[in-house]
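Structure at a glance
Each chain, letter by letter, is given below.
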Amino acid sequence: MRKRKLATRVENIMPFQVMAVLARAKELAAQGEDVIHLEIGEPDFVAPEAVGLAGERAINQGHTGYTSATGLPELKAAISGYYQSRYGATVSPERIIVTPGASGALLLMSSLMVNEGEEVVMPDPCYPCNRHFLVQVGAKAKLVETEATNGFEMDLHGLSDVWQENTAGLWLASPSNPTGAVLSRDYITTAWDKVQQLGGHLLVDEIYQGLVYEGEDFSALSISDDIFVVNSFSKYFAMTGWRLGWLVVPEWAVGGATKLAQNLFISAPTVSQHAAVRAFSEDVLAECEERRQTLNKRRVTLLEGLSDIGLPVVAPAHGAFYVYVDVSSVTNDAMAWCLSLLEKEKVALTPGADFGVKDANRYVRFAYTCDEDRLREALGRIAHFIASK
Ligand SMILES: Cc1ncc(COP(=O)(O)O)c(C=O)c1O
């Protein structure tokens, strides 16, 4: 009997290298080892208490059915109000599609923006799932090399050189995972001008919005209503497991996005949507601001500590909770270095190969998702590891 194989697209999706690090870290922890986790892209805070209570209330009140495909009207109104009050951007609730995480929004966006066989331009390094979302729709990413000395920013002068007949658009993220780089208003404005001239779409992933420590925290939606923007409750609001994000589309794309949302997800998680309305209250926003300041202190500690141990960070890491570190002075194989560091010193990091191709062997990503004492302890262990080689 002929045995049918899985679809070929599965082969075009690369497994995360960090999974090997994670698996080993778990084994070591199970053996009683004290592993310091700097590899996970998830805040170490829990969701604000008021949000959790609102979720409990939603369950008790029986809000457990589907919502409309584009989201709970109260939540869409709250997101719209937040754009206006915090970012000075007027975004009508109709343009907001609430999704299962930013992941749902990026998948929806991939279906919305590209045809089979087309390409989307994005910087190398960037969030690895971007390429894989495109594979799902028969398209692919066109990675454009960047330099640490240029803040890992894609050179927009060269955009027309990489743009082809089958290029659907440009996909940016600010603040960036893995580099922590924050793009300026000028940069996004120029990108939008260029993309318009070239006749494509611009998508900006703003999932780390709010987690900006230097430079302007703004939304691309304050530049143009025709830019597509993705966001999430996962990072600033520390609600990763609630699986809730959103996509903002131009008015002319609402019908298409709604049709896709209905078919792909029916609706985003209802309890989470009721809970998330509470996230925009003043007390919760104040709590998130305090957490941002905590993250900033950790960032400064980490950057200073890295410099002290001979691993200075060249590119400004002004946002998110990541620092992308060049380890080529101590290894020519970042993945092997990560595994060996974990084995010998019990510090877990993510190798650069998960985020791109160029220089992937030179870089590792640190996530400052543990407190300052643990960060200092990790830096000490890394210094010991480097010295003992
Ligand atoms: C840049 C970026 N976009 C999107 C996501 C997906 O986030 P979620 O689906 O939890 O909202 C992540 C998660 O780490 C990310 O780093």
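The model shown is predicted, which means the values in this text are computed figures rather than measured ones.

**Quick notes on the UniProt feature "domain: Aminotransferase class I/classII large" (unreviewed entry) in the chain**
- On the UniProt side, "domain: Aminotransferase class I/classII large" (unreviewed entry) is annotated at positions that read residues 34-382 here.
- In the segment residues 34-382, helix accounts for 39% and strand for 15%; the C-alpha atoms at its two ends are 14 Å apart.

**Brief notes about the pattern of salt bridges**
- In this structure the tally under the stated criterion is 18 salt bridges.
- In this structure, Glu214 engages Arg299 in a salt bridge whose closest nitrogen and oxygen atoms are separated by 3.0 Å. Separated by 85 residues along the polypeptide, Glu214 in the loop between strand E6 (201-205) and strand E7 (228-232) and Arg299 in helix H10 (residues 282-308) bring together distant segments of the chain.
- On the basis of relative accessibility, which here comes to 37%, the residue Glu214 falls in the partly exposed class.

**Overview of the sheet that holds strand E11 (residues 350-351)**
- Pairing is antiparallel in the open sheet, where 3 strands are placed in the order E9-E12-E11. One side of each edge strand has no neighbouring strand; the edge strands of this open sheet are strand E9 (322-326) and E11.
- The pairing of E11 with strand E12 (residues 363-367) spans 2 bridges and is classified as antiparallel. Bridge assignment links Thr350 to a residue of E12, and that residue is Arg365.
- Here H10 sits on the sheet in contact with E9 and E12, set at roughly 10 degrees to E9.

**Quick look at the site of the ligand**
- What surrounds the ligand is a group of 13 residues, the closest being Ala102, Ser103, Asp205, Ser232 and Ser234.
- In this structure, Ser103 approaches the ligand through a side-chain N or O atom, which is 2.5 Å from an oxygen atom.
- The contact in question runs from an oxygen atom of the ligand to an N or O atom on the side chain of Tyr208, over 2.7 Å.
- Taking 390 Å² as the accessible area of the ligand by itself, protein coverage stands at 92%.
- The cavity where the ligand resides is the largest pocket.
- By residue number, the principal contributor to the shell around the ligand is helix H4 (residues 101-113), which donates 4 residues.
- Its residues placed into classes, the shell around the ligand shows 5 nonpolar, 5 polar and 3 charged.

**Considering empty space enclosed by the protein**
- Throughout the structure, instances matching the rule amount to 5 cavities of 30 Å³ or more.
- By volume, the largest cavity is sized at about 160 Å³.
- Forming the walls of the largest cavity are 19 residues, and the residues nearest its centre are Pro123, Pro125, Phe152, Ala173 and Ser176.
- Listing elements by their share of the lining of the largest cavity, those giving two or more residues are strand E3 (119-124) and strand E5 (167-173).
- Per-element tally for the lining of the largest cavity: the top contributor is E5, with 3 residues.
- The residue makeup of the lining of the largest cavity, split by class, is 13 nonpolar, 5 polar and 1 charged.
- Each pocket or cavity is described by its volume, and for the second largest cavity that value is around 90 Å³.
- In terms of lining, the second largest cavity is formed by 13 residues, of which the most central are Ser174, Pro175, Leu183, Glu206 and Phe218.

Scoring rules and cut-offs
Residues numbered from 1 in each chain as written. Predicted model: local features only at pLDDT ≥ 70, side-chain atom pairs only at ≥ 80, totals over all residues. Heavy atoms only, no water. UniProt positions renumbered as here; feature names shortened; annotations may be inferred. Helix = DSSP H or I, 4+ residues; strand = E, 2+ residues; numbered from the N terminus. Salt bridge = Lys/Arg side-chain N within 4 Å of Asp/Glu carboxyl O. Buried < 20%, exposed > 50% of the residue type's maximum accessible area, 1.4 Å probe, protein only. Pairing = 2+ DSSP bridges. Contact = heavy atoms within 4.5 Å. Axes fitted to C-alpha atoms, helices over the stretch in contact; angles between N-to-C directions. Near = heavy atom within 4 Å. Polar contact = N/O pair within 3.5 Å; in protein donor to acceptor, adjacent residues only side chain to side chain. Areas by Shrake-Rupley, 256 points an atom, 1.4 Å probe, with all protein chains shown as cover. 1 Å grid on protein atoms, 1.4 Å probe; cavity = no way out; pocket = protein on both sides within 12 Å on 5 of 7 lines; lining within 4 Å. Sits in = over half its atoms within 2 Å of the grid points. Nonpolar A, V, L, I, M, F, W, Y, C, P; charged D, E, K, R; others polar. Points joined across faces, edges and corners; volume = space filled by probe spheres on them.

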